[in-house]
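# Notes for the structure review
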2 protein chains.
Amino acid sequence: MTERSTIDVSLSDIAKRSGLNSALVKYYFGSKQGLLLALVEEVLGRGMDQMEGLLTMEIDPVEKLKLHIKGIITVYFRYPFINRLLHHMYLDPELDTVVGERISKPLATLQRQILEQCASQGRIRPVNPTMFYFIVVGACDHLFFGQQALRIAFGIDGVDDDLRRTYTGTLIDLLMNGMLVPDAKPL
Amino acid sequence: MTERSTIDVSLSDIAKRSGLNSALVKYYFGSKQGLLLALVEEVLGRGMDQMEGLLTMEIDPVEKLKLHIKGIITVYFRYPFINRLLHHMYLDPELDTVVGERISKPLATLQRQILEQCASQGRIRPVNPTMFYFIVVGACDHLFFGQQALRIAFGIDGVDDDLRRTYTGTLIDLLMNGMLVPDAKPL
């Protein structure tokens, strides 16, 4: 998917590229849907494990929240196909529930727990965790999902490491500090 | 598209539903792509005109920025198919440039001008307008684009007026004020 910049890859393409025959791929994963699910769980599972590790670390919870956001963007950066694939799976009535249960829900739960740690230590104002989830995931997602707009409207051809860092820094700064100058009054 | 919750609508479906024959639809719009383009320009053009009106209004530019963000979410709310359609058009090599030039670029320019007004009056800290664009559009977009996740991971079935308002309020508050409690130190 990364090689071809599309999620439109058939089982026989995968079999060919991996040097295995497609019957074997089917044998292991049951179906193409089974393979896709194994793929997102493999890619996102590792990130999720790291994020879960965050929860119990003895560091400032605000740092955890920053690392969490940075982690989401890094996963999208490393696996540029992952969002498109998730959207695609969410539109498949045979996959939508399992994607929701195994991917979105654990991520949302983790994020809510980090927010609660921050709030309980008086470091952040309370925020609606559901709203926060869609704001953060949407913002992280769009740098990659909106790559056509990035190219055509801004003349930027793809996300490199510098852009990823700038984006992460800007997003974290906005979410944490906002952009208003305190005490500045309208003219 | 709203009726069927899908952008997968054929010219003959449209002809049928509108009571016109598909040759007439083709005569006016040239092709299905021509019709799609006319549709997004009609839907988004009005919103864009209103936003352009904002620029010259004699009000606090921070209020303009808030109205601008509110306006983006309202358009997505009224036309739930519009994002999916734009993504779809961006993937069509015959449409991507024209969508970028007529939709994304004017929106980005307008947003940058509002940000400049805010910064020049000392109301906001300078922010990278390109990063801001993707953060804001992605966040506004995701409440609607991520509706499957909303339903499955959060048990919320669609975006109603209350949810739209809560989302808009949370996003604007985060972008403006951030969530950190000032002067709170890590424990």
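See the structure shown above.
Described in the following lines is the structure provided in the data block. (Residues numbered from 1 in each chain as written. Chains lettered and ligands numbered in written order. Predicted model: local features only at pLDDT ≥ 70, side-chain atom pairs only at ≥ 80, totals over all residues. Heavy atoms only, no water.)

## Concerning the relation of the copies chain A and chain B
- Its rotation angle being 180 degrees, the transformation that places chain A on chain B also includes 0.0 Å of axial translation and leaves an RMSD of 0.0 Å. Those values place the two copies in the arrangement expected of a two-fold rotation axis. Using C-alpha coordinates, one finds that chain A approaches the rotation axis most closely at Gly178(A), a distance of 1.9 Å.
- With an isologous cut-off of 70% or more, the 100% of interface residues of chain A that recur at the interface of chain B puts this contact in the isologous class. (Least-squares fit on C-alpha atoms with pLDDT ≥ 70 in both. Contact = heavy atoms within 4.5 Å.)

## Things to note about the packing of helix α8 (residues 147-154) of chain A against helix α6 (residues 96-120) of chain B
- It is the contact of α8(A) with α6(B), at a shortest axis distance of 8 Å, that shows an interaxial angle of 80 degrees. Here α6(B) runs roughly perpendicular to α8(A), going by the angle between their axes. Residues Ala149(A), Arg151(A), Ile152(A), Ala153(A) and Phe154(A) of α8(A) touch α6(B), and the partners they reach there are Asp96(B), Thr97(B), Gly100(B), Glu101(B), Ser104(B), Lys105(B) and Ala108(B).
- Partitioned by chemical class, the residues of the contact of α8(A) with α6(B) number five nonpolar, three polar and four charged. (Axes fitted to C-alpha atoms, helices over the stretch in contact; angles between N-to-C directions. Helix = DSSP H or I, 4+ residues; strand = E, 2+ residues; numbered from the N terminus. Parallel < 35°, antiparallel > 145°, perpendicular 65-115°, else oblique. Nonpolar A, V, L, I, M, F, W, Y, C, P; charged D, E, K, R; others polar.)

## Looking at the environment of Arg125(A)
- Tracing the chain through its elements places Arg125(A) in the loop between α6 (96-120) and α7 (129-145).
- For the pair Arg125(A) and Ile156(A), spaced 31 residues apart in sequence, the C-alpha separation works out to 36 Å.
- Setting aside residues up to four positions removed in sequence, Arg125(A) forms contacts with Asp173(B), Asn177(B), Gly178(B), Met179(B) and Val181(B).
- A polar atom in the side chain of Arg125(A) sits 3.1 Å from the side chain of Asp173(B). (Polar contact = N/O pair within 3.5 Å; in protein donor to acceptor, adjacent residues only side chain to side chain.)

## Side note on the environment of Ile82(B)
- With respect to the secondary-structure elements, Ile82(B) resides in helix α5 (residues 82-90).
- Apart from the residues within four sequence positions on either side, Ile82(B) is in contact with Val40(B), Val43(B), Leu44(B) and Tyr76(B).

## Observations regarding the pattern of salt bridges
- Under the counting rule described, the total for this entry stands at 24 salt bridges over all chains.
- With a closest N to O distance of 3.3 Å, Arg151(B) and Asp96(A) form a salt bridge. Placement of the pair is Arg151(B) in helix α8 (residues 147-154) and Asp96(A) in helix α6, with the two residues belonging to separate chains.
- Given the relative accessible area of 34%, Arg151(B) is considered partly exposed.
- Looking at Asp96(A), the relative accessible area reads 9%, which means it is buried. (Salt bridge = Lys/Arg side-chain N within 4 Å of Asp/Glu carboxyl O. Buried < 20%, exposed > 50% of the residue type's maximum accessible area, 1.4 Å probe, protein only.)

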